[in-house]
Amino acid sequence: MNKILFPNFNLEFEISPVAIEVGNIQIYWYAVLIVLGIVISLFLTYFDKNKENYNIEYDDFLEIMIFVLIFGILGARVFYVLFNLNYYILNPLQIFNIRNGGLAIYGGIIVGAIIAYLICQKKKIKFLNLCDFIVPYLALTQGIGRLGNFINIEAYGEETTNFLRMGIFLDTGYREVHPCFLYELLGCFFIFVISKLCQKKQKFSGEILSIYLVLYGIIRFLIEGVRVDSLMIYNLKISQVISIFFVTFGLIIYIKNKFCRKKKNKVDEKKDKVF
């Protein structure tokens, strides 16, 4: 059992990482919560009328998501293994053991986006429309999945005395640390709400995607600054490097598409004057 405390809220949890155990088969909360997040998001997208605004058929969307989920999880695992290669070279069978965690979300997002783009090209679906529709639910799924880090006592931060601090018991004793899982959970839920509100007033393709990239990039960059288990390359935190890329890419998409929209509006105005 993992014991976790939130001293300022007088909360204490004793949680087993194993959700279901049947004989020798163990299903961990980490996996259950990821699946739960995916199911909730797919359920909500089914009833989301924005599909019509983005010209997306639900059958096409579901087919794309199946491939994105499969390859996204593989990408997240490969990304994590690559940046912990010294350990997995010595313990190769552990590559296939993801029950206790070990998924790098950035790897999943990048690989999933590539797969989605390729399928969109084949199906003649506008890729930016798909992204604008799905990224709010991506943020929601990420937020729910972070609860798995809480139960596993992983993805936590440096020692702190701040109001939200989390008490955990490690081999080195009791420590009060930044609850990074909670920061990202709240950040992802914030992105979900903001992006859904922005969909109602969306002005150009790629706008919602750019909002997600910028907001998540900033939030993740700040969180990684206090995490103690970040994936590293030399002295750089990989997630912070990718966060900078996300913010930059998001700003490029926003500026480029907003400029193209203004240019199109000017052309349309000139045509109206001529006719």
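Cut-offs and rules
Residues numbered from 1 in each chain as written. Predicted model: local features only at pLDDT ≥ 70, side-chain atom pairs only at ≥ 80, totals over all residues. Heavy atoms only, no water. Helix = DSSP H or I, 4+ residues; strand = E, 2+ residues; numbered from the N terminus. Expected span 1.5 Å × (residues − 1). Bend = angle between axes of the 7 residues up to and from the residue. Buried < 20%, exposed > 50% of the residue type's maximum accessible area, 1.4 Å probe, protein only. Salt bridge = Lys/Arg side-chain N within 4 Å of Asp/Glu carboxyl O.

### A word on helix H6 (residues 127–152)
Between its first and last C-alpha atoms H6 spans 36 Å; for 26 residues at 1.5 Å apiece the expected length is 38 Å, and the two agree. Of all the bends in H6, the largest measures some 40° and sits at Ile134, one to four residues before the proline Pro136. Of all 26 residues making up H6, 23 are buried, and the element is well covered by its neighbours. Once H6 ends, the next one or two residues include Ile153, with phi positive near 50°.

### Considerations on the pattern of salt bridges
Any two side chains of opposite charge can pair, on the condition that their charged atoms come close. Applying the stated criterion across every chain yields a total of 11 salt bridges. Between Asp48 and Lys196 there is a salt bridge, with its nearest N and O atoms 2.5 Å apart. Of the two residues, Asp48 sits in the loop between helix H1 (29–47) and helix H2 (50–53) while Lys196 sits in helix H7 (residues 180–199), which places them 148 residues apart along the sequence. Residue classification places Lys196 among the buried positions, given a relative accessible area of 17%. The closest approach of N and O atoms between Asp229 and Arg227, which form a salt bridge, is 2.9 Å. Accessibility expressed as a relative area gives 34% for Asp229, which makes it partly exposed. One salt-bridge network, held together by shared partners, links Arg146, Glu184, Arg220, Glu224, Arg227 and Asp229.

Limitation: the analysis is restricted to geometry and does not speak to function.
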